[in-house]
Amino acid sequence: MDIEIPGIHHVTAISGDASGNVRFYTRTLGMRLVKKTVNQDDLSAYHLFYGDETGSPGTEVTFFDWPRNPSAVPGAGTIAPVALRVPGADALAWWEERLDDLEVGHGPIEERDGRTVLSLTDSEGQRLELVDDRGVPGGHPWDRAAVPPERAITGVHDVTITSAHPEQTAAVLTRLLGFRKAGAFELPGGSGTVTVFETGRGGAGAQVRVVAPRSPSPGQAGVGGVHHVAFRTPNDEEHREWRERVAAAGLSVTPVIDRYYFRSLYFREPGGALFEIATDGPGFTADEPADTLGEHLALPPFLEARRAEIEAGLRPIEVRPA
């Protein structure tokens, strides 16, 4: 079967403050909380999904709420920054002014490695970038968001992996997952190189950047860092084929896991980053109307019988009125 990964499905990071996380991503960044559920492998933790009006594949940034985790340590084997798409250079200028007004730390708008980018960090140190998406169609912003639709974040632009074994990471991306090399750049001060890989149509939403440091030091996922990146596949048939291909390549891969909103499989690439391949559907409206997404704790049917127990173990999310 001739199959292809169209692009990034979502990026999942770690928070230690669910309430602050909701405030930042909905109020500061204007993304919609499209699903408030739990980590299905740790029912004591929220799993929060932010995206466009329905959480379309390719627009989602998600968080596990693990307050007892240590802070993330940058370095080899980690994923950062996460780049988010905005519609054009005018939008970047608008965001620079907004971040100043909200006293959010950020860098200058600059041309870097073929992109126009504005760097910032969230309230827990998560490294983010806003990137001019060069007109590539993205998601559909929610019309009740805190940011005007014409300035809104419309999805994930790319992720950057700092690899302990960049040649092997590149081999997984190209030989196994079907990415192709799209460019290479020197890092400032001769500290290493970054190689850009793309899949599908390429460009916004379909790029992975692999950093090869001259002197790598090991990193660690934690609060303020990324847990994994997920890539898209359109249906269950191709998803099963991807699992067979990953296993045949000699990588340890999980069984296909039914997350209810999509199906998942996970494997770690040789450079240390955790990869997921996720199906595009069924999607977040499988158990909630589009108008009320994210307003209540949603549990998949196989957890519904344990709702009282699960709710008792979760800290309330408190977001004061704006």
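Everything discussed here concerns the structure shown above.
Residues numbered from 1 in each chain as written. Predicted model: local features only at pLDDT ≥ 70, side-chain atom pairs only at ≥ 80, totals over all residues. Heavy atoms only, no water.

1. Some words on the overall build of the protein
The line we're drawing: Helix and strand definitions follow DSSP, with helices as H or I runs of at least four residues and strands as E runs of at least two, each counted in order from the N terminus. Put simply, the radius of gyration uses C-alpha atoms, and a globule should come to 2.2 Å times the residue count raised to 0.38. Exposure categories follow from relative accessible area, calculated using a 1.4 Å probe and restricted to protein chains: below 20% of the type maximum is buried, above 50% is exposed, and the middle band is partly exposed. Pairs of residues are marked as contacts when any of their non-hydrogen atoms sit within 4.5 Å. Each accessible area is a Shrake-Rupley estimate made with a 1.4 Å probe; only the visible protein chains count as cover when residues are assessed. His is not counted here, nor are the chain ends, while Lys and Arg score as positive and Asp and Glu score as negative. The location of each charge is read from NZ of Lys, CZ of Arg, CG of Asp or CD of Glu.
Within the protein one finds five helices and 16 strands. Since a compact globule built from 322 residues should have a radius of gyration of about 20 Å, the 19 Å found for the protein is in line with a globular shape. If one aligns the C-alpha atoms of the protein with their principal axes, the spans along those axes are about 50 × 50 × 35 Å. When the 322 residues of the protein are sorted by exposure, 52% land in the buried category. For the protein, contacts bridging at least 24 residues in sequence account for 66% of all contacts bridging at least 6. Accessible surface for the protein amounts to roughly 13,700 Å². Of this, 49% is attributable to carbon and sulfur atoms. Taking the 31 positively charged and 46 negatively charged side chains of the protein as two groups, their mean positions are separated by 3 Å.

2. Some details on the packing of aromatic side chains
How we decide: For Phe, Tyr and Trp, where Trp contributes only its six-membered ring, two rings pair if their centres lie within 6.5 Å, and the inter-plane angle classes them as stacked under 30 degrees, edge-to-face over 60, or tilted in between. The criterion is that NZ of a Lys, or CZ of an Arg, lies within 6 Å of the ring centre and within 35 degrees of the ring normal, and then a charge sits over that ring.
Considering all chains together, one arrives at 13 aromatic pairs under this definition. With a centroid separation of 4.8 Å and an interplanar angle of 50 degrees, the aromatic rings of Tyr25 and Phe63 are classed as tilted. Of this pair, Tyr25 sits in helix α1 (residues 18-28) while Phe63 sits in strand β4 (residues 60-65), and the two are 38 residues apart along the sequence. Taken individually, Tyr25 and Phe63 each receive the classification buried, so the pair is uniform in this respect. One aromatic cluster in this structure is built from Phe49, Tyr260, Tyr261, Phe262 and Phe284. Across from the ring centre of Trp242, 5.6 Å away, lies the NZ or CZ of Arg245, which sits over that ring.

3. Comments concerning the environment of Thr195
In this fold, Thr195 is placed in strand β11 (residues 192-198). Along the primary structure Thr195 and Val208 are separated by 13 residues, whereas in three dimensions their C-alpha atoms are 8.4 Å apart. Leave out the neighbours within four places in its chain, and Thr195 touches Lys181, Gly183, Ala184, Val208, Arg209 and Val210.

4. A look at the pairing of strand β16 (residues 274-282)
Applicable threshold: At least two DSSP bridges between two strands are needed for those strands to be called paired.
With five bridges joining them, strand β13 (residues 226-233) and β16 adopt parallel strand pairing. Bridge assignment links Phe231 to a residue of β16, and that residue is Ile277. Note that strand β15 (residues 262-268) and β16 share six bridges and pair antiparallel. Paired with Arg268 across the strands is Leu274, a residue of β16. Between the end of β15 and the start of β16, which pair antiparallel, lie five residues, with Gly272 showing a positive phi angle near 110 degrees.

5. Focus: the sheet that holds strand β12 (residues 207-213)
Using the following cut-off: Between N-to-C directions, angles cover 0 to 180 degrees, with each direction set by a line fitted to C-alpha atoms, over the stretch in contact for helices.
Ordered in space as β6-β7-β8-β5-β9-β12-β11-β10, the eight strands form an open sheet in which the pairing is mixed. Bordering the open sheet on either side are β6 (106-112) and β10 (180-186), each of which pairs with just one other strand. In this sheet, neighbouring strand axes are inclined to one another by 25 degrees on average, regardless of whether the strands run parallel or antiparallel. Taken together, the seven bridges between β11 and β12 define a ladder with antiparallel strand orientation. By the bridge assignment for β12, Val196 is matched with Arg209.

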